[in-house]
Amino acid sequence: MTALRTPVIAGNWKMHHDPASTRLFFERFLALHAPRTDLTVIVFPPTISLEAARLALVERADVQLGVQNVHWESAGAFTGEISADMAMAAGARYSLVGHSERRQLFGETDADVARKTRAVLAAGLTPVVCVGETLEERRAGRANDVVDRQLSQVLEAVRDAAGLVIAYEPVWAIGTGETASPDDAQAMHASIRAQLASASNTAIPILYGGSVKPQNTATLLAQGDIDGALVGGASVDPQSFAAICATEA
Ligand code: PGA
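Quantities reported herein were computed from a predicted structural model and do not represent experimental measurements.

Caption draft 1: Examining the packing of aromatic side chains more closely. Following the criterion strictly, the structure yields 7 aromatic pairs and no others. With a centroid separation of 4.6 Å and an interplanar angle of 70°, the aromatic rings of Trp13 and Phe25 are classed as edge-to-face. Of the two residues, Trp13 is situated in the loop between β1 (8–12) and α1 (19–32) and Phe25 in helix α1; the sequence distance between them amounts to 12 residues. What makes Phe25 buried here is its relative accessible area of 2%. Through a chain of ring-to-ring contacts, the aromatic side chains of Trp13, Phe25, Phe26, Phe29 and Phe241 assemble into a single cluster. Positioned over the ring face of Trp72 is Arg115, at 4.4 Å from the centre of the ring.

Written out as structure tokens, the structure reads:
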């Protein structure tokens, strides 16, 4: 992490916390986490709990909200989907795009991810674009190529990459308890940074995700090109998420 970029700790709740348990989460979390100006904290609740989260945060503008997925169109006959404009109107300021679970379980392609990133930016939200290789791809020595390809399509689709946040999440480290070693993560972050630099954007925050816990956050954040964390499992519990937010690199 470098002083040039404000660190980001983001919690991806996935399909956890209904509106009632969202209220409870924030009651506990806000009691443990005092506002900080040197850290950006973002929570991605399920969309159905976004309003409960917004109300819980009325007096805590230091904690930002995001949605986990949007459609690329702004409105239309797309049963079950929400648009980036709707997310913005409902209080979100960020959207995850291309999380590996969306890619793997719901068939999202690189082209979909690029379209969604464009829609998210057009709505005035900040996209947190997720990239990362599978174990098979890493073993075959293709990790860099895969991430490069995933990122290229996004960079080609946006006119200005300055408004992006990137999250590197090796698929084999998500929800498995297995974290990329700080050195491996740093190496991939540096390669992403180099790719962004050729698109002239070194100020873009690059977050690491994949089994981030209170115990491993400091070592990860101590790496020069790791600007924060995208936390899944450990963000669902207010105590562990507060502990992660309290970590100093
Ligand atoms: P995890 O998930 O922290 O549970 O591994 C991270 C993510 O999928 O964003």
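Next comes the rest of the account.
Caption draft 2: Just the pattern of salt bridges, in detail. Inspection of every chain in the model, using the stated rule, returns 14 salt bridges. In this structure, Glu51 engages Arg54 in a salt bridge whose closest nitrogen and oxygen atoms are separated by 2.8 Å. One end of the pair is Glu51 and the other is Arg54, both in helix α2 (residues 50–56) and 3 residues apart, which spans about a single turn. Here Glu51 falls in the partly exposed class, since its relative accessible area comes to 39%. Residue classification places Arg54 among the partly exposed positions, given a relative accessible area of 34%. Between Asp112 and Arg115 there is a salt bridge, with the nearest N and O atoms lying 2.7 Å from each other. Pair noted here: Asp112 and Arg115 are both in helix α5 (residues 110–122), with a separation of 3 residues, about one helical turn. Classification of Arg115 by relative accessible area gives partly exposed; the value is 32%. One salt-bridge network, held together by shared partners, links Arg5, Arg193, Asp225 and Asp227.

Caption draft 3: Region of the structure containing the site of the ligand. If you check the shell around the ligand, you find 14 residues, and the closest are Lys14, His99, Glu169, Gly175 and Ser211. Measuring from an oxygen atom of the ligand, one finds a side-chain N or O atom of Asn12 at 3.5 Å. Between the ligand and the protein, one listed contact pairs an oxygen atom with a backbone N or O atom of Ser211 at 2.7 Å. In this structure the site holding the ligand corresponds to the second largest pocket. Counted by class, the shell around the ligand contains 5 nonpolar, 7 polar and 2 charged residues.

Caption draft 4: Geometry of unusual backbone geometry. One non-glycine residue, Lys14, lies in positive phi territory at about 55°. With respect to the helices and strands, the residue Lys14 is situated in the loop between β1 and α1. With a phi angle near 55°, Ser211 is a residue other than glycine that sits in the positive phi range. Mapping Ser211 onto the fold places it in the loop between β7 (206–209) and α9 (214–221).

How each quantity is defined
For every chain, the first residue of its written sequence is number 1, and the numbers climb from 1 along that sequence. Local features in this predicted model are restricted to residues whose pLDDT is 70 or higher, and side-chain atom pairs enter the listing and the counts only when it is 80 or higher, whereas totals over whole chains, interfaces and linings include all residues. Here the side-chain values reflect all heavy atoms present in the structure, with hydrogen atoms and water set aside. Any Phe, Tyr or Trp ring, taking Trp's six-membered ring, that has another such ring centre within 6.5 Å forms a pair; planes under 30 degrees apart are called stacked, those over 60 apart edge-to-face, and the others tilted. Numbering of helices and strands starts at the N terminus; helices are DSSP runs of H or I of at least 4 residues and strands are runs of E of at least 2. A 1.4 Å probe rolled over the protein chains alone gives each residue an accessible area, and that area as a share of the maximum for its type sets the label: buried under 20%, exposed over 50%, partly exposed in between. Only when the NZ of Lys or the CZ of Arg is both within 6 Å of the ring centre and within 35 degrees of the ring normal is a charge said to sit over the ring. Within this document, salt bridges are pairs made up of a side-chain nitrogen of Lys or Arg and a carboxyl oxygen of Asp or Glu, the two lying within 4 Å of each other. The nearness test applies per residue and asks whether one of its heavy atoms lies within 4 Å of the molecule or strand. The term polar contact refers here to a pair of N or O atoms within 3.5 Å; inside protein, the definition further demands a hydrogen-donor-capable atom paired with an acceptor-capable atom, and it admits residues adjacent in sequence only when both atoms are side-chain atoms. Every definition here rests on a 1 Å grid over the protein atoms only: cavities are sets of points where a 1.4 Å probe fits but cannot get out, pockets are open sets enclosed by protein on both sides within 12 Å along at least five of seven lines, and lining residues have some atom within 4 Å of a point. Those molecules having more than half of their atoms within 2 Å of a cavity or pocket grid point set are described as sitting in that cavity or pocket. In this classification, Asp, Glu, Lys and Arg are treated as charged, Ala, Val, Leu, Ile, Met, Phe, Trp, Tyr, Cys and Pro as nonpolar, and every other residue, Gly included, as polar.

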